[in-house]
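As a plain string of letters, each chain reads:
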Amino acid sequence: MEFIFQPNQDSRLGEYLLENLAGPWTCFRAAVAFIKRSGTRHIKQALSDFVHNSEVEIIAGIDHRGSSAAGLQDLLDAISPNGRVIVFHNRLPFTFHPKVYLFKSSQSADLLIGSGNLTEGGLFTNYEASFRLKLDLTQSDHASLLGSVERVLDSWSDTSRQTALLLDKKLLGRLAAMGRIPLLDQNVSEIEGLMSSSASLPESPSSDTEAEQKTGLDPFHFLFAAEGVPPAPKPPRTTLPGSGMAVVRAPETARRASTTESIALAATGFVMTLHRTDVGVGQTTPGASRRSPEIFVPLAARNANPDFWDWPAGFAEDPGKSGKLDRAGVRMRIGGEVVAVQMMTWPDKHDFRLRSEALRSAGDIGDVLRLEKVSSGADFDYYAEIIPQGTREHARYLALCGEQVRNSEKRYGYY
């Protein structure tokens, strides 16, 4: 085992990659969050030479505009047609953030896991740290470790799950046209002189823009799947002095992160099919209690994107019912008015509900509820819309309800 750190000149990720790309390996695999031409220009020729006799697979993240089209184009130019580049994106707000580099032959492997991306800073000039493991595959524990790493890489590169797509020039052009990856590296000092590079940048096809205009939806959201992840553990509760009310509070660092993410998620939307429990009228016999005006959101849907609901930091415990958590006075604009909606959940009922007569009355069984979280500063928190069955819009939004609920016909999705 070796500790690699930089910007120490004797031990940097860039030198590690160049050394191994010139070595006798038969396979190179990597999973990297951000890829830019500032980094790929240092290894492009070595990659091109390596792929003539060896396998190459690079899984690239495209979240937060951290990868550039120029950098991804360099990888395509270097390893085509023998290697492959995979782009990974989860439609839900979970960032693809690994930095794994693996070289392998029949008897040995060289694995590096650390903090460095395929950028010039990540390879050479940033303060980065990694561990390098040299594996002897004739030893069972080494072979087992390699197998666990490769299984994860296999899952991230599995295109059948649609969180991973095989990159080609056409897809690269589409991603650039959608504004999901910048054409060039964002740091001007990094791209100085690169405009004269012989590697062409992808052209932006006009067909995607036309499709977006026709459907009214961003076609990017149809490219990648939404895949839920296990939720974070619940933060500790504190009691407000003199009130006796317990308030769910995230740690200070988490609250700061949530504020930053709320800006990035300002245009995030949620869609869900409506069923009898949501919009059915229940009892109609005179004197019988009518069904409460509550729409049921699956806990799996809440947990898949907790920041969309400001969960749990925005909720407080109901002083009248132990364990019940409420977010009261949530402003939703539906039709031409802004209504107050109460979000609430009970641990004993395993429910997450939206209480609003306006929402319940606006929908029918089979319709789709669409919520869109708006930017801070608006006079409402969410835009709400009921998409009726039989309309062209219903088919479009129903297609976004790709997540099923166990033991239920309800479906939901984020976009």
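Note that the structure is a prediction, hence the values are computed from the model and not measured.

Conventions we followed
Residues numbered from 1 in each chain as written. Predicted model: local features only at pLDDT ≥ 70, side-chain atom pairs only at ≥ 80, totals over all residues. Heavy atoms only, no water. Pairing = 2+ DSSP bridges. Helix = DSSP H or I, 4+ residues; strand = E, 2+ residues; numbered from the N terminus. Axes fitted to C-alpha atoms, helices over the stretch in contact; angles between N-to-C directions. Buried < 20%, exposed > 50% of the residue type's maximum accessible area, 1.4 Å probe, protein only. Polar contact = N/O pair within 3.5 Å; in protein donor to acceptor, adjacent residues only side chain to side chain. Salt bridge = Lys/Arg side-chain N within 4 Å of Asp/Glu carboxyl O. Phe/Tyr/Trp six-rings, centres within 6.5 Å; stacked < 30°, edge-to-face > 60°. Lys NZ or Arg CZ within 6 Å of the ring centre and 35° of its normal. Contact = heavy atoms within 4.5 Å. pLDDT = per-residue confidence, 0-100. Patch = residues over 30% accessible without salt bridge, like charges linked within 9 Å, V, L, I, M, F, W, Y side chains within 5 Å. Areas by Shrake-Rupley, 256 points an atom, 1.4 Å probe, with all protein chains shown as cover. 1 Å grid on protein atoms, 1.4 Å probe; cavity = no way out; pocket = protein on both sides within 12 Å on 5 of 7 lines; lining within 4 Å. Points joined across faces, edges and corners; volume = space filled by probe spheres on them. Nonpolar A, V, L, I, M, F, W, Y, C, P; charged D, E, K, R; others polar. Core = buried A, V, L, I, M, F, W, Y, C linked by side-chain atoms within 4.5 Å. Parallel < 35°, antiparallel > 145°, perpendicular 65-115°, else oblique. Left-handed = near helix turned anticlockwise from the far one by under 90°.

By way of backbone hydrogen bonds, the strands of a sheet pair with one another, either parallel or antiparallel. Taken together, 8 strands build an open sheet; the order of strands is β1-β7-β6-β5-β2-β3-β4-β8 and the sheet is mixed. Bordering the open sheet on either side are β1 (2-6) and β8 (164-166), each of which pairs with just one other strand. For this sheet, the mean angle separating the axes of adjacent strands, direction not counted, is 15°. Pairing of strand β6 (residues 108-114) with strand β7 (residues 128-136) involves 7 bridges; the strand directions are antiparallel.

A few words now on helix α6 (residues 169-177). Along α6, the positions that sit buried rather than exposed are Leu171, Leu172, Gly173, Leu175 and Ala176. Put simply, Asp168 is the residue that caps the front of α6, since its side-chain oxygen is 3.2 Å from the backbone nitrogen of Lys170.

Moving on, we come to the pattern of salt bridges. Throughout the structure, instances matching the rule amount to 25 salt bridges. One salt bridge in this structure joins Lys44 and Asp74, with 3.6 Å as the shortest N-O distance. One end of the pair, Lys44, is in helix α2 (residues 37-50); the other, Asp74, is in helix α3 (residues 69-79), and 30 residues separate them in sequence. Residue class for Lys44 comes out partly exposed when judged on its relative accessible area of 23%. We classify Asp74 as buried; its relative accessible area is 3%. With a shortest N-O distance of 3.3 Å, Lys324 and Asp318 are connected by a salt bridge. Given a relative accessible area of 7%, Lys324 falls into the buried group. One network of salt bridges, in which partners are shared, links Glu2, Glu19, Asp110 and Arg132.

Looking now at the packing of aromatic side chains. Counted by the stated rule, this structure contains 19 aromatic pairs. Seen in terms of ring centroids, Phe315 and Phe352 are 6.0 Å apart; in terms of plane orientation they differ by 50°. Their pairing is tilted. Highlighted residues: Phe315 in the loop between α12 (299-304) and β13 (316-317) and Phe352 in strand β16 (residues 351-355), separated in sequence by 37 residues. Note on accessibility: Phe315 and Phe352 belong to one class, buried. Taken together, the ring pairs in this structure connect Phe270, Phe308, Trp309, Trp311, Phe315, Phe352, Tyr382, Tyr412 and Tyr414 into an aromatic cluster. A cation sits over an aromatic face here: Arg302 above Trp311, 4.0 Å from the ring centre.

As for its placement among the helices and strands, Arg161 is situated in the loop between α5 (140-156) and β8. Those residues in contact with Arg161 that sit more than four places away from it in its chain are Ser155, Ala225 and Glu227.

What follows concerns the confidence of the model for the protein chain. Averaged over every residue, the pLDDT of the protein chain is 83; the share at 70 or more is 79%. The model gives residues 188-199 a pLDDT under 50, and that stretch makes 14 contacts with residues more than four places away or in other chains. Below pLDDT 50 for its whole length, residues 204-216 participates in 13 contacts with residues either more than four positions away or in separate chains.

A few words on a nonpolar patch on the surface. A contiguous nonpolar surface patch, about 470 Å² in accessible area, is contributed by Met1, Phe3, Phe5 and Phe131. For Met1, the position within the fold is in the segment before β1. Taking the relative accessible area as the measure of exposure, Met1 reaches 78% and is therefore exposed.

Glancing now at empty space enclosed by the protein. The gaps left among the atoms become clear once a water-sized probe is rolled over them. Summed over the entire model, instances satisfying the criterion amount to 1 cavity of 30 Å³ or more. In this structure, the largest cavity occupies an estimated 30 Å³ of space. Elements that contribute at least two residues to the lining of the largest cavity include exactly β1 and β7. Split by residue class, the lining of the largest cavity holds 4 nonpolar, 4 polar and 1 charged.

Membership of the largest hydrophobic core comes to 44 residues, with the highest contact counts inside it found for Leu17, Phe28, Leu47, Tyr101, Leu167 and Leu175. Looking at this core element by element, the count peaks at 6 residues for α3. Beyond its immediate chain neighbours, meaning those up to four positions away, Phe28 contacts Leu17, Leu21, Leu47, Phe50, Glu55, Val56, Glu57, Ile58, Tyr101, Leu102 and Phe103. Counting 31 residues, the second largest nonpolar core, distinct from the first, contains Met272, Trp311, Val330 and Met332.

Every α-helix carries 3.6 residues per turn, so stepping three or four residues along brings you back to the same face. Counting buried positions over the 11 residues of α3 gives 10, a clear majority of the element. Within the sequence span of α3, burial applies to Ala69, Ala70, Gly71, Leu72, Gln73, Asp74, Leu75, Leu76, Ala78 and Ile79. Buried-residue contacts for α3 involve α2, β3 (55-61), β4 (84-88) and α6.

Here the focus is the pairing of β16. The element β16 is largely enclosed, with a buried count of 4 among its 5 residues. Looking at chain direction, strand β15 (residues 337-346) and β16 are connected through 5 bridges and run antiparallel. Its bridge partner being in β16, Met343 is matched across the sheet by Leu354. Between β15 and β16, which follow one another and run antiparallel, lie 4 residues, and His350 among them has a positive phi close to 55°.

The next point concerns the packing of helix α1 (residues 13-21) against α2. Any two packed helices are characterised by the angle at which their axes cross and by the distance between the axes. For the pair α1 and α2, the least separation of the axes is 9 Å and the interaxial angle reads 20°. Here α2 runs roughly parallel to α1, going by the angle between their axes. The two elements α1 and α2 meet at a crossing, and its hand is left-handed. Of α2, the residues touching α1 (which contributes Leu17, Leu18, Asn20 and Leu21) are His42, Ile43, Ala46, Leu47 and Phe50. Taken together, the residues of the contact of α1 with α2 sort by class into 7 nonpolar, 2 polar and no charged.

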